[in-house]
Protein chains: 2
Amino acid sequence: MPRFEDPETLVERIQAFWDAGIPMAGHMRVRLVRLDEGGLVARAPLAANRNHMGTAFGGSVHGVATLAGWGLVLALLEVPQATDLVIQESRIRFLRPVTGDFEAHCEMPPAPAPERFLRLFNARGRARITVEARVRQGNSTAAEFTGVFAALRQEGKTPG
Amino acid sequence: MPRFEDPETLVERIQAFWDAGIPMAGHMRVRLVRLDEGGLVARAPLAANRNHMGTAFGGSVHGVATLAGWGLVLALLEVPQATDLVIQESRIRFLRPVTGDFEAHCEMPPAPAPERFLRLFNARGRARITVEARVRQGNSTAAEFTGVFAALRQEGKTPG
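Residues numbered from 1 in each chain as written. Chains lettered and ligands numbered in written order. Predicted model: local features only at pLDDT ≥ 70, side-chain atom pairs only at ≥ 80, totals over all residues. Heavy atoms only, no water.

> So what about the sheet that holds strand β4 (residues 102–107) of chain B? Which residues, and what values?
If you trace the 12 strands from one edge of the open sheet to the other, you get β1(A)-β2(A)-β4(A)-β5(A)-β6(A)-β3(A)-β3(B)-β6(B)-β5(B)-β4(B)-β2(B)-β1(B), paired in antiparallel fashion. Looking at strand neighbours, the two that pair on one side only are β1 (31–36) of chain A together with β1 (31–36) of chain B, the edges of this open sheet. On average, each strand axis in the sheet is tilted by 25 degrees relative to the strand beside it, whichever way the strands run. Pairing analysis gives 12 bridges linking strand β5 (residues 126–137) of chain B to strand β6 (residues 140–153) of chain B, with the strands arranged antiparallel. If you follow Val131 of chain B over to β6 of chain B, its bridge partner there is Gly147 of chain B. The strands that helix α1 (residues 7–21) of chain A touches are β1 and β2 (39–44) of chain A; relative to β1 of chain A, the one it contacts most, it runs at about 150 degrees. Across the sheet, helix α4 (residues 113–124) of chain A is in contact with β3 (83–94), β5 (126–137) and β6 (140–153) of chain A; its angle to β5 of chain A comes to roughly 145 degrees. (Pairing = 2+ DSSP bridges. Helix = DSSP H or I, 4+ residues; strand = E, 2+ residues; numbered from the N terminus. Axes fitted to C-alpha atoms, helices over the stretch in contact; angles between N-to-C directions. Contact = heavy atoms within 4.5 Å.)

> Which residues make up the interface of chain B and chain A, and what are the values?
Note on interface size: it is often stated as the accessible area lost on association of the parts. Taken residue by residue, the interface counts 35 residues in chain B and 35 residues in chain A. Between chain B and chain A, roughly 2900 Å² of surface is buried when both sides are summed, and carbon and sulfur atoms account for 65% of that area. It is Met24, His52 and Phe57 of chain B that lose the most area in chain B upon contact with chain A, and together they represent 22% of the buried surface on that side. The interface formed by chain B and chain A holds 2 salt bridges in total. One salt bridge connects Glu89 of chain A with Arg91 of chain B, and the closest N-O pair in it is separated by 3.9 Å. (Buried area = accessible area lost by both parts, 1.4 Å probe. Salt bridge = Lys/Arg side-chain N within 4 Å of Asp/Glu carboxyl O.)

> Outline the pairing of β3 of chain A, listing residues and values.
Looking along a regular strand, one sees the side chains alternate between the two faces of the sheet. The sheet contact formed by β3 of chain A and β6 of chain A spans 11 bridges and is antiparallel. Each residue of the ladder has a partner; that of Arg93 of chain A, found in β6 of chain A, is Glu144 of chain A. Two strands pair when backbone bridges link them, and β3 of chain A and strand β3 (residues 83–94) of chain B are joined in this way by 5 bridges, in the antiparallel orientation. Note on β3 of chain B: the bridge partner recorded for Ile92 of chain A is Ser90 of chain B.

> Lay out the confidence of the model for chain A in plain terms, naming residues and giving numbers.
Taken residue by residue, chain A gives an average pLDDT of 93. The fraction at 70 or more is 94%. Interface confidence in the predicted complex, given as ipTM, is 0.93; pTM for the same model is 0.94. (pLDDT = per-residue confidence, 0-100.)

This is how it looks when you write it as structure tokens:
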């Protein structure tokens, strides 16, 4: 299981990507609240993400889960500025309405997936990985998300 | 294939749901630009939906497709204020980066799906339907979306 050498700096970098680079992340008011070897947790308030029924808009639930998955894979790479990282496909099941603030808990994929992803990326400059996230309101699971992310090292750029 | 008796009013109602009820729809600047027996088209500008790489954020692409699917099913029901309509699950494949304004084209499901959906909803007060949408930039398909939507008639309310 990967260990992050400097998780505080990674959290700042990922949050800065969201805040500065993705206007919708700002509108959803997504905050990265945890990053460790177990995974990544992103939190969002209901108010900014509500629908016409006063529950969370499905697009926001999916969006926060997508950012959580993207953030975890970016943290695995640890060289975010030299990498294009995009989502290739996703699937989400909505289990119950979200009636309050919510969190997307993206779990670290089990070994050997992270190690294989990094080995391929370092060798070939491209790799992909599947991550799963549960969207929770308190202790209740409201949605289950699976995303496939692809990393592609940009030509002419070096890590750092 | 269903025919809408008053598509202009349906377009106004659906756009009003988005604008008044779903803040994220407003932030994504989604506009309903077509509704007829062939389906529904929702348009969104890249600028409001960009990511850190200057292409469309996957969460926005999914969000606009979700709103398009939701709008088409709401139009089928023609009694939106008496109905809870939610997304149950979705799947999306991102085929290529979106580098400009984009549209989600949600096709009318082929017969007999719409008729069966309406018959079940009218008989039981609940039904679900699967819809597909293509996200396009110009003539190029950038993403393929499938969503399952569930309608549940609210107790104690009559249509209209």
